[in-house]
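The residues making up each chain are set out below.
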Amino acid sequence: MTIHEASARYNIPLEILKEYESWGLCGAVKEVMGIWQYGDTDIERLSLIMTLHDVGFESAEIETYMKLLLEQTNTEAKRLRMLDQKREDTLDEIHFREKQLERLDYLRYHIRKQQEVTQGR
């Protein structure tokens, strides 16, 4: 299938498909009459790329991860470190957001308390 067919069928943004092609990761992709043709292996890889993108990986990180994956020689530890680091970063972001929520709740509490005093409750 062509880049436009893959984009429409699997809801993959064209930018991601173009990046994928530019990284040279297109194993089953064949250029036929100037048009890339995507195979099942490419769709599986693109699914992983979309997952990595959805969990917060930047394009350069995805490219590195995918190149490691395709090396297939003892890259599990490196890929796991990348995933662990992203998990740690995500947890840090969650904790930061939790603190923001606590502060917002504190401010909301004080406004409500002031309203009660003003209204004579």
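These figures come from a predicted structure and were not determined experimentally.

Caption draft 1: Expanded view of the overall build of the protein. Looking only at helices and strands, one finds five helices and two strands in the protein. Element order for the protein, N to C, with α for helix and β for strand: α-α-β-β-α-α-α. Put simply, the protein shows about 8,900 Å² of open surface, and 52% of that area lies on carbon and sulfur atoms.

Caption draft 2: Layout of the pattern of salt bridges. For the coordinates displayed, the defined rule picks out four salt bridges. Across the salt bridge formed by Lys86 and Glu61, the nearest N and O atoms sit 3.4 Å from each other. One end of the pair, Lys86, is in helix H5 (residues 76-118); the other, Glu61, is in helix H4 (residues 59-71), and 25 residues separate them in sequence. The exposure class assigned to Lys86 is buried, which follows from its relative accessible area of 14%. Classification of Glu61 by relative accessible area gives partly exposed; the value is 28%.

Caption draft 3: Quick peek at the packing of helix H1 (residues 3-10) against helix H2 (residues 14-22). Between H1 and H2, the least distance of the axes is 9 Å, while the angle of their chain directions is 130 degrees. The angle between H1 and H2 falls in the class oblique. For H1 against H2, the interelement crossing comes out right-handed. Along its contact with H1, which presents Ile3, His4, Ala6 and Ser7, the element H2 presents Leu14, Leu17, Lys18 and Glu21. Of the residues assigned to the contact of H1 with H2, the class counts are four nonpolar, two polar and two charged.

Caption draft 4: A look at the environment of Lys78. In this fold, Lys78 is placed in helix H5. In this structure, the C-alpha to C-alpha distance between Lys78 and Leu68, residues ten residues apart in sequence, is 7.9 Å.

Caption draft 5: A look at the packing of aromatic side chains. Overall, the coordinates contain one aromatic pair when judged by the stated rule. Taken together, a centroid distance of 6.3 Å and an interplanar angle of 75 degrees make the contact between Phe57 and Tyr65 edge-to-face. The same class applies to Phe57 as to Tyr65, namely buried. Positioned over the ring face of Tyr65 is Arg79, at 5.8 Å from the centre of the ring.

Caption draft 6: A look at the nonpolar core. With 19 residues, the main nonpolar core has Leu17, Tyr38, Leu46, Ile49 and Ile62 as its most contacted residues. Mapped by element, the contributors of at least two residues to this core are H1, H2, helix H3 (40-54) and H4. With five residues, the single largest contributor to this core is H3.

Caption draft 7: Representation of the confidence of the model for the protein in the model. When pLDDT is averaged across the protein, the result is 86; 89% of the residues are at 70 or more. Within the protein, H5 carries the highest mean pLDDT (96), whereas strand E1 (residues 30-32) carries the lowest (59).

Caption draft 8: Structural detail: a negative patch on the surface. Residues Asp84, Glu88, Asp89 and Asp92 make up a contiguous surface patch of negative charge. Relative to the elements of secondary structure, Asp84 occurs in helix H5.

What counts and how
Residues numbered from 1 in each chain as written. Predicted model: local features only at pLDDT ≥ 70, side-chain atom pairs only at ≥ 80, totals over all residues. Heavy atoms only, no water. Helix = DSSP H or I, 4+ residues; strand = E, 2+ residues; numbered from the N terminus. Areas by Shrake-Rupley, 256 points an atom, 1.4 Å probe, with all protein chains shown as cover. Salt bridge = Lys/Arg side-chain N within 4 Å of Asp/Glu carboxyl O. Buried < 20%, exposed > 50% of the residue type's maximum accessible area, 1.4 Å probe, protein only. Axes fitted to C-alpha atoms, helices over the stretch in contact; angles between N-to-C directions. Parallel < 35°, antiparallel > 145°, perpendicular 65-115°, else oblique. Left-handed = near helix turned anticlockwise from the far one by under 90°. Contact = heavy atoms within 4.5 Å. Nonpolar A, V, L, I, M, F, W, Y, C, P; charged D, E, K, R; others polar. Phe/Tyr/Trp six-rings, centres within 6.5 Å; stacked < 30°, edge-to-face > 60°. Lys NZ or Arg CZ within 6 Å of the ring centre and 35° of its normal. Core = buried A, V, L, I, M, F, W, Y, C linked by side-chain atoms within 4.5 Å. pLDDT = per-residue confidence, 0-100. Patch = residues over 30% accessible without salt bridge, like charges linked within 9 Å, V, L, I, M, F, W, Y side chains within 5 Å. Lys, Arg positive; Asp, Glu negative; His and termini not counted. Charge placed at Lys NZ, Arg CZ, Asp CG, Glu CD.

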